[in-house]
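# Summary of the model geometry
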Amino acid sequence: MEKFQFTDQGASELIAALYQLSDPALQLEANAAGADFRFWVSEHFELDQDQLDYLNGIDEQWIENAAAETKAFLETRKPIFLHKMPTPAQKGEDGDRGKLLDLDKQQNSSYSEENGYQENEELRYTITYQG
């Protein structure tokens, strides 16, 4: 599979390409994301060396959670999104840009007599920078 830009649009294109795969092929992708999330991300996105270094330095608990959630959402073809704020031009005084990674799982359910019970879930990765 080709690599995608590490942008909101690139992530959308990746998910669309993955969800066009057959069930067995998608299961292989889900298993790979669950087994080695860092490698899976690096194989699917165009990342520069700073981004790869950052990816390798992310706390293991966060990575394990991201791996499990991504695997589950891929297996069920539920929506996965990335929202990445633009990288600030200037680093802070301590040399850091104050990057913050959020992984949010949202679940909504509704009921109406016309449509019955409906449940929707989405997984959202958000990257922000603190000034």
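Structural notes, computed from the coordinates.

Thresholds applied
Residues numbered from 1 in each chain as written. Predicted model: local features only at pLDDT ≥ 70, side-chain atom pairs only at ≥ 80, totals over all residues. Heavy atoms only, no water. Pairing = 2+ DSSP bridges. Helix = DSSP H or I, 4+ residues; strand = E, 2+ residues; numbered from the N terminus. Axes fitted to C-alpha atoms, helices over the stretch in contact; angles between N-to-C directions.

This part is about the pairing of strand β4 (residues 99–112). Taken together, the 14 bridges between β4 and strand β5 (residues 116–129) define a ladder with antiparallel strand orientation. In the sheet register, leucine 100 faces β5, and the bridge partner there is threonine 128. Turn length for the β4-β5 hairpin, with the two strands adjacent in sequence and antiparallel, is three residues.

With that out of the way, let us pick up the sheet that holds strand β3 (residues 80–84). Read across the sheet, three strands follow the order β3-β5-β4 without closing on themselves; strand pairing throughout is mixed. Unpaired on one side and paired on the other, β3 and β4 mark the two borders of the sheet. With direction set aside, neighbouring strand axes in the sheet form an average angle of 20°. Sheet analysis places β3 next to β5, joined by five bridges and oriented parallel. Among the inter-strand pairings, isoleucine 80 is bridged to a residue of β5, identified as leucine 123.

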